[in-house]
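# Summary of the model geometry
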Amino acid sequence: MNTYIIFGVLALIGIFALISWNSKRNSNTHGIVENKTELRNHEILQEKRDLKLIITYDYGEKTEIITEKATAEIIKSTMKSINWNEFHIVQLEDKNADGYKALDVGGSLGDDGLASGLMTDDDHILLVKPLETVDQMTEILLDFLKGEEIWRNKYEYK
């Protein structure tokens, strides 16, 4: 009789241990699925973000729309194609924003220097740390393309 009671208790402990292990495993899998879903939703939102790439030169006298839907490759090739010894402004305009929103980088490697700013309907803020290279300007544009949240967490504008 004692043998049956011991086996019964051990079986109950085993069942509870198995149930506990299985529920932990399922909750971890559920968390992974939620994280993947969140990541995919973020990617979809990012895909729907249309940024117009614009170049302004001759100190604002001439403007050229490069594309209505900027990509990393287009931004890189555009930045490389510009003669930065002359004054230029390269701008990404967020066409999906509420109101007007555009990030620009510009200036020249000569006397003008390089800078970056964010313009909205209500504000125009500038990058706190001065820019020194075209690569830095390109990186800012690419980070803005990835998402405004990524860009805002990386750079300080006032």
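Residues numbered from 1 in each chain as written. Predicted model: local features only at pLDDT ≥ 70, side-chain atom pairs only at ≥ 80, totals over all residues. Heavy atoms only, no water.

All right, on to the overall build of the protein then. Counting its secondary structure elements, the protein contains 4 helices and 6 strands. Along its sequence from the N terminus, the protein presents helices and strands in the succession α-β-β-α-β-β-β-β-α-α. Across the 158 residues of the protein, 32% fall into the buried class. For the protein, contacts bridging at least 24 residues in sequence account for 44% of all contacts bridging at least 6. As displayed, the protein has an accessible area near 10800 Å², and 55% of this comes from carbon and sulfur atoms. (Helix = DSSP H or I, 4+ residues; strand = E, 2+ residues; numbered from the N terminus. Buried < 20%, exposed > 50% of the residue type's maximum accessible area, 1.4 Å probe, protein only. Contact = heavy atoms within 4.5 Å. Areas by Shrake-Rupley, 256 points an atom, 1.4 Å probe, with all protein chains shown as cover.)

Further remarks concern the sheet that holds strand 1 (residues 51-57). Reading across the sheet, the 6 strands line up as 2-1-3-4-5-6 and stay open at both edges, with antiparallel pairing between neighbours. Strand pairing shows two members of the sheet lacking a second neighbour, strand 2 (62-67) and strand 6 (124-126), which therefore form its edges. Neighbour to neighbour, the strand axes of the sheet diverge by 20° on average, direction disregarded. Sitting on the sheet, helix 2 (residues 72-81) is in contact with strand 1, strand 2, strand 3 (88-94) and strand 4 (101-108), with an inclination near 5° to strand 1. Its contacts with the sheet place helix 3 (residues 134-146) against strand 1, strand 3, strand 4 and strand 5 (113-120), and it is angled at close to 175° to strand 4. (Pairing = 2+ DSSP bridges. Axes fitted to C-alpha atoms, helices over the stretch in contact; angles between N-to-C directions.)

Applying the stated rule across the entire model yields 3 aromatic pairs. Ring geometry for Tyr59 against Phe87: centres 4.8 Å apart, planes inclined by 10°, an arrangement best described as stacked. Of this pair, Tyr59 sits in the loop between strand 1 and strand 2 while Phe87 sits in the loop between helix 2 and strand 3, and the two are 28 residues apart along the sequence. What makes Tyr59 exposed here is its relative accessible area of 59%. (Phe/Tyr/Trp six-rings, centres within 6.5 Å; stacked < 30°, edge-to-face > 60°.)

On to the confidence of the model for the protein. In the predicted model, the protein carries a mean pLDDT of 81, and the fraction of residues at 70 or more is 70%. Across the protein, element-level confidence peaks in helix 2 with a mean pLDDT of 96 and bottoms out in helix 1 (residues 2-47) with 54. Contacts from residues 40-47, a stretch scored under 50 in pLDDT, to residues over four places away or in other chains number 5 contacts. (pLDDT = per-residue confidence, 0-100.)

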